[in-house]
Amino acid sequence: MNSTIKEQPTIFIIFGGTGDLNSRKLAPALYNLFLEGWLPTQFAIIGTGRTPLSKEQFAEKILEGVNKFSRSGEAEKEKWDQFAQHLFYQPSDIKDATTYTEFGNRIADHEQEWNTKAHVIYYLAVAPDFFSIIAENINKAGLATDQEKTRIVIEKPFGHDLQSARDLNKLLAGIFDEHQIYRIDHYLGKETVQNIMAFRFANSIMEPIWNRNYIEHIQISVTEQLGVEERGDYYEGAGAMRDMLQNHLLQLLCFVAMEPPVSFEADEVRDRKVDVLKAMRRFTQEDVRASAVRGQYGAGWLEGKEVPGYREEKKVEPQSNTETFAAVKFFVDNWRWQGVPFYVRTGKRMHQSLSVITIQFRDVPHLVFPSEAMESWQQNRLIISIQPEMSIRLQVQAKRPGLDMVLNTVDMVFDYKGTYTSQAPEAYETLLLDTMLGDQTLFMRGDQVEAAWDLIMPILNTWQGNKSLHFPNYSADSWGPENAEALIARDGFHWFTLPVNGKK
Ligand code: BG6
């Protein structure tokens, strides 16, 4: 329970109220915040969308989402009835000015009932094409005048490229102050991602070794078994680079590579992350060929089920050039990281769903053991597993019990399941709460988004200008195209996955 929140009357206006994101993520997150006492005493959630629905029908739809997707399982009737009293619905045409007059009236009604000014959070859970029109109409209707109490939350993708991100930033900056704009990257809300900062900056033993002198290379893998399925429409214009790498993977990289902030203030943390993006080596077209690999999945079998190739998915061009896999070798050109490669990869329809960061340390300077002692010699590795397993493991060499001296690799593991009994909140719970609290640490600042686009534009441009002649080039249930193996093998490494039961 948080007293600041309790006394902060809040109205959420959710654009895309009948959409998938609301059912799967936002509504369950708001419901869980409610259950755990993290919503204000006075709050209203107003869903809006084109479909005409009554308040009751909307509540019914939201309940379906909660029952299906909430981490707390099916809603308990008594609690749900209390929550549902705060749900409202307004059918709308987001291009029509009267829609916004109606929002204004609703806000005024709640404020009158509560006898106080409310915080208003506009949540844009809609396709990116609508971001500008909604922001402009909010402004025209005079609904953005209170800079302290009005906030806008924008889902990714934030722009389609550097220019469109700049245009959107400019448009928003003409209406809102930066402190009112919450650009979501839901990876930042994940418990294990936030823990990277705790692990690095709350432990004195990490900092001395967290640099090029001790670290040989770093890998970030975010792989999914999921295919594109119903999202062909959106994905055709996005691909793995725009959908995952420009945002989620680069954000993970920033957490690993950033300098220690002097405080936990939102802008201080975000400044340090922008520093990383600015220090990252830019690509020429030649570099793109040597350092970036794209892939597209073909048909195959996954966990006993036959799955279509990307080009056979709904709303996907039969000759599509969109990549569903991307792997890139980056460098961060600063004192800490000079010469340390960061290999990142992401793909759909892969063998396993895993989000894992692996830090491989340099080898010992001198081997004192005879070769027969080193049965499974391996350099030290720190493996931060973000999902589905939530753990941090340090792999070290140890003597195997016995009369002979044989070394093998063992894992020192901190695993959330074994350490904590409480359930971790979902990323959206953390991020919605932070929006209410006005804490932007885990949100993308405008310059951060632009710096990330700036970095990957040469890759996108090169790929767009040169169609791949080899698509599809990996099958479902694989670890991606062979070129991705070659990308890392050229440097003498291979992609790591999470050890199963302590084994590689
Ligand atoms: C979204 C992407 O941002 O992240 C999806 O648009 C992807 O394509 C999803 O599946 C992955 O998120 P998570 O939390 O399931 O790892």
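Here the structure is shown first, and the text comes after it.
Structure report, in brief. No experiment lies behind these values; they were computed from the predicted model shown.

**Side note on the pairing of strand S7 (residues 215-223)**
Sheet faces and side chains relate simply in a regular strand, where the side chains alternate between the two faces.
Reasoning step 1: Within S7, 9 of the 9 residues are buried, which leaves it mostly tucked inside the rest of the structure.
Reasoning step 2: One ladder, built from 8 bridges, connects S7 with strand S14 (residues 354-361); its direction is antiparallel. Residue pairing across strands places valine 222 opposite serine 355, the latter belonging to S14.
Reasoning step 3: Sheet topology places S7 next to strand S13 (residues 342-347); 6 bridges connect them, and they run parallel. Residue isoleucine 220 lies in a different strand from S13, and its bridge partner there is valine 344.

**Regarding the packing of aromatic side chains**
Reasoning step 1: Tallied over the full model, the rule gives 23 aromatic pairs.
Reasoning step 2: Arranged with centres 5.1 Å apart and planes meeting at 70°, the rings of tyrosine 31 and phenylalanine 83 form a pair that is edge-to-face. Taken as a pair, tyrosine 31 in helix H2 (residues 20-35) and phenylalanine 83 in helix H4 (residues 77-84) lie far apart in primary sequence, 52 residues in all.
Reasoning step 3: We classify tyrosine 31 as buried; its relative accessible area is 1%.

**Things to note about the layout of surface pockets**
Reasoning step 1: When its volume is computed, the second largest pocket comes out at roughly 360 Å³.
Reasoning step 2: Arg289, Ala292, Arg294, Trp463 and Asn483 are the residues nearest the centre of the second largest pocket, which is lined by 18 residues in total.
Reasoning step 3: Looking at the lining of the second largest pocket, the elements that each hand over two or more residues are helix H12 (285-291), strand S8 (292-295), helix H15 (446-465) and helix H16 (482-489).
Reasoning step 4: Classifying every residue of the lining of the second largest pocket by side-chain character gives 8 nonpolar, 6 polar and 4 charged.

**Overview of the sheet that holds strand S16 (residues 391-399)**
Reasoning step 1: Spatial strand order, S8-S12-S13-S7-S14-S15-S16-S17: 8 strands in an open sheet with mixed pairing. The two strands at the open ends of the sheet, each matched to only one other strand, are S8 and strand S17 (407-415). Averaged over neighbouring strand pairs, the angle between their axes works out to 15° when direction is ignored.
Reasoning step 2: Relative to the sheet, H15 contacts S8 and strand S12 (325-330), its axis offset from that of S8 by approximately 50°.
Reasoning step 3: The strands touched by H16 within the sheet are S7, S8, S12 and S13, with S12 carrying the most contacts at an inclination of about 10°.

**Points about empty space enclosed by the protein**
Reasoning step 1: Taken as a whole and judged by the stated rule, the model has 1 cavity of 30 Å³ or more.
Reasoning step 2: Computed from the structure, the largest cavity encloses a volume of approximately 80 Å³.
Reasoning step 3: At the level of secondary structure, the elements contributing two or more residues to the lining of the largest cavity comprise helix H10 (239-257) and H15.
Reasoning step 4: When the residues that make up the lining of the largest cavity are grouped by side-chain class, the tally is 6 nonpolar, 2 polar and 4 charged.

**Topic: the pattern of salt bridges**
Reasoning step 1: Scanning the entire structure with this criterion turns up 25 salt bridges.
Reasoning step 2: Glutamate 450 is the partner of arginine 166 in a salt bridge, and the nearest nitrogen-oxygen pair spans 3.8 Å. Separated by 284 residues along the polypeptide, arginine 166 in helix H7 (residues 162-173) and glutamate 450 in helix H15 bring together distant segments of the chain.
Reasoning step 3: The residue aspartate 491 makes a salt bridge to lysine 329 at a minimum N-O spacing of 2.8 Å. Of this pair, aspartate 491 sits in the segment after H16 while lysine 329 sits in strand S12, and the two are 162 residues apart along the sequence.
Reasoning step 4: Overall, the relative accessible area of 29% leaves aspartate 491 in the partly exposed class.

**Focus: the packing of helix H6 (residues 131-140) against H7**
Reasoning step 1: Direction vectors running N to C along H6 and H7 enclose 10°, while the axes themselves pass 10 Å from each other. Our classification of the angle between H6 and H7 gives roughly parallel. Taking contact as the criterion, the partners of Phe131, Ser132, Ala135 and Glu136 in H6 are, on H7, Leu168, Leu171 and Leu172.
Reasoning step 2: Residue classes in the contact of H6 with H7 are distributed as 5 nonpolar, 1 polar and 1 charged.

What counts, and at which threshold
Residues numbered from 1 in each chain as written. Predicted model: local features only at pLDDT ≥ 70, side-chain atom pairs only at ≥ 80, totals over all residues. Heavy atoms only, no water. Buried < 20%, exposed > 50% of the residue type's maximum accessible area, 1.4 Å probe, protein only. Helix = DSSP H or I, 4+ residues; strand = E, 2+ residues; numbered from the N terminus. Pairing = 2+ DSSP bridges. Phe/Tyr/Trp six-rings, centres within 6.5 Å; stacked < 30°, edge-to-face > 60°. 1 Å grid on protein atoms, 1.4 Å probe; cavity = no way out; pocket = protein on both sides within 12 Å on 5 of 7 lines; lining within 4 Å. Points joined across faces, edges and corners; volume = space filled by probe spheres on them. Nonpolar A, V, L, I, M, F, W, Y, C, P; charged D, E, K, R; others polar. Axes fitted to C-alpha atoms, helices over the stretch in contact; angles between N-to-C directions. Contact = heavy atoms within 4.5 Å. Salt bridge = Lys/Arg side-chain N within 4 Å of Asp/Glu carboxyl O. Parallel < 35°, antiparallel > 145°, perpendicular 65-115°, else oblique.

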